[in-house]
Every structure is written in structure tokens, then in C-alpha cells.
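Geometric and topological summary
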Amino acid sequence: METSYIEVMNKDYLSNLGFQQEELHFISELVKKGIQEKLYTNTKDFKHDLKHIERVLTYVQWILNEKKKNGEVVENSELLFYATLYHDIGKTIGATNEEHGKVGSQEVYKYLEKTLDEKSIKIVSSLIKTHASEDDRVELSTDFSEEEKKKIQELSDILKDADALDRNRLNYPA
């Protein structure tokens, strides 16, 4: 049975890296949600399994913590965590590496329609789509102001960086 690895890790090690207990619990709860929804349980692609998702969630939190230490405030980080949880669902339903962001960005609506409002889902969808594209720019409709687009772009950059950290850690190409 799958489980959240962050629950069995050495908490002192993570605390020394600046993680708070509530942050670790939040990541664990997102992983449990992934298990309940069977998001990554049937994938044969070990690079895009639930362990990868949990590592990327942890990297996202680490980046947010570093930004906070530098006095930066990242708005809508909860949407970033949803995007991180679902960022590779396109892979699990068979999409190619080039197409999995686009497929996942459409698929995510099924998972979030009862949880988030339409505008928030559009943001999450855009983050998922962009995480797998070579173009780093988030594509958003005119429903968003320039200031909102700038903040959403920051979320996208964090997701792409966190995903790349895990990719580089495992030494496999994008």
C-alpha cells in the first residue's frame, strides 16, 4: 500500500531544513489525497509516480520557505500545491512527454470542480500546462489582470523549478 514518505522521515532533519510540522502535515495530506484518488498508483513510469509528486511538493514548500526568509510573499500558494499534486496526471493516462502538460491541464477540471472556483481551476490548469512546456510563459485569458498574471507566472516558475530539482536529482532529462 502506498503511503506518504514524509510521515516516516526523520522530522529533525526536515526541521533543520526549516520545515514546520504543519507544512509537513499538509504535504502528507496532499499525498494521501493522491492515494485516495489513485492518481499515480497505476503508472509504470517510476519517474512520475507518487514519490516524485511528494518530492516536488516538498521542493515547492522549500522554495516558498526560502522566499519567505527573504521577505517575499507568494500569493495563492494553495493553488500551487494543487497544481503540484496534479502536474503529472497527463502522464498517468498515457500522454507523451510533450503532451502530458496539455492533457493534464484539461484532466484536472474533473478533480477540482467541487473544490475550487472556476477562476482558481483555470490558474491550476495553466500551471499544469506550462510546467511541461519549453515556453516558460503562462498563457492566461483576459479574465486576469496584468498584476494577477505576474503573480501566476511566479507560481509557474516555482513549480517548474521544483519539478526540475527532482529531475536533476534523479539525473534524467526533461
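Residues numbered from 1 in each chain as written. Predicted model: local features only at pLDDT ≥ 70, side-chain atom pairs only at ≥ 80, totals over all residues. Heavy atoms only, no water.

1. Observations concerning the packing of helix H2 (residues 21–36) against helix H4 (residues 77–86)
Selection criterion: What counts as an axis is a line fitted to C-alpha atoms, over the stretch in contact for a helix, and the angles between N-to-C directions run from 0 to 180 degrees. Numbering of helices and strands runs from the N terminus; a helix is a DSSP stretch of H or I covering at least four residues, while a strand is a stretch of E covering at least two. Note on angle classes: values under 35 degrees are labelled roughly parallel, values over 145 roughly antiparallel, values of 65 to 115 roughly perpendicular, and the remainder oblique. For a crossing to be left-handed, the near helix must be turned anticlockwise from the far one by less than a right angle; the clockwise case is right-handed. Here, residues are in contact when the closest pair of their heavy atoms is within 4.5 Å. Classification used: nonpolar for Ala, Val, Leu, Ile, Met, Phe, Trp, Tyr, Cys and Pro, charged for Asp, Glu, Lys and Arg, polar for all others including Gly.
Viewed as axis vectors pointing N to C, H2 and H4 meet at an angle of 40 degrees, and their least axial separation amounts to 10 Å. When the interaxial angle is binned, H2 and H4 end up oblique. Remark: the crossing between H2 and H4 carries right-handed chirality. Where H2 approaches H4, its residues Phe26, Leu30, Lys33 and Gly34 are matched on the opposing element by Phe81, Tyr82, Leu85 and Tyr86. Across the contact of H2 with H4, the residue classes tally to six nonpolar, one polar and one charged.

2. Description of helix H3 (residues 50–69)
Three- or four-residue spacings in an α-helix give side chains the same orientation, since the helix completes a turn every 3.6 residues. For the record, the criterion: The span expected for a helix works out to 1.5 Å for each residue beyond the first. Polar contacts, as used here, are pairs of N or O atoms within 3.5 Å; protein pairs need one atom able to donate a hydrogen and one able to accept it. Residues neighboring in sequence count only if both atoms are side-chain atoms.
When the terminal C-alpha atoms of H3 are compared, their 29 Å separation across 20 residues agrees well with the 28 Å that a helix rising 1.5 Å per residue should span. Taking the backbone nitrogen of Lys51 as reference, a side-chain oxygen 3.2 Å away marks Asp49 as the first, capping residue of H3. Backbone geometry just downstream of H3 places Gly71 in the positive-phi region, at approximately 85 degrees.

3. A word on a nonpolar patch on the surface
Quick reminder of the rule: Each patch is built from residues that are more than 30% exposed by relative accessible area and take part in no salt bridge. Like charges join if they lie within 9 Å; nonpolar side chains (Val, Leu, Ile, Met, Phe, Trp, Tyr) join within 5 Å. Each accessible area value is a Shrake-Rupley result obtained with a 1.4 Å probe; residue values ignore everything except the protein chains displayed when judging cover. Any carboxyl oxygen of Asp or Glu that lies within 4 Å of a side-chain nitrogen of Lys or Arg is treated as forming a salt bridge with it. For each residue, the accessible area found with a 1.4 Å probe, counting protein chains only, is set against the maximum for its type, and the residue is called buried under 20%, exposed over 50%, and partly exposed in between.
A surface patch of nonpolar side chains, about 280 Å² in accessible area, is lined by Met9, Tyr13 and Leu17. Of note, Leu17 is situated in the loop between helix H1 (11–16) and H2. Judged by relative accessible area, Leu17 falls into the partly exposed class, the value being 35%.

4. Considerations on the pattern of salt bridges
In the structure shown here, the tally under the stated rule is 14 salt bridges. Two residues, Lys69 and Glu66, come together in a salt bridge whose shortest N-O distance is 3.0 Å. Of this pair, Lys69 and Glu66 both sit in helix H3, three residues apart, which is roughly one turn of the helix. Connected through shared salt-bridge partners, Lys67, Glu72 and Glu154 make up one network.

5. Structural notes on the nonpolar core
Selection criterion: The criterion is simple. A nonpolar core is a set of buried Ala, Val, Leu, Ile, Met, Phe, Trp, Tyr and Cys residues joined through side-chain atoms within 4.5 Å.
Counting 42 residues, the largest nonpolar core has Val60, Tyr86, Leu112 and Val124 as the members making the most contacts within it. Those elements that place two or more of their residues in this core are H2, H3, H4, helix H6 (100–112), helix H7 (118–131) and helix H8 (146–170).

Remember, this is a structural readout, not a statement about activity or role.
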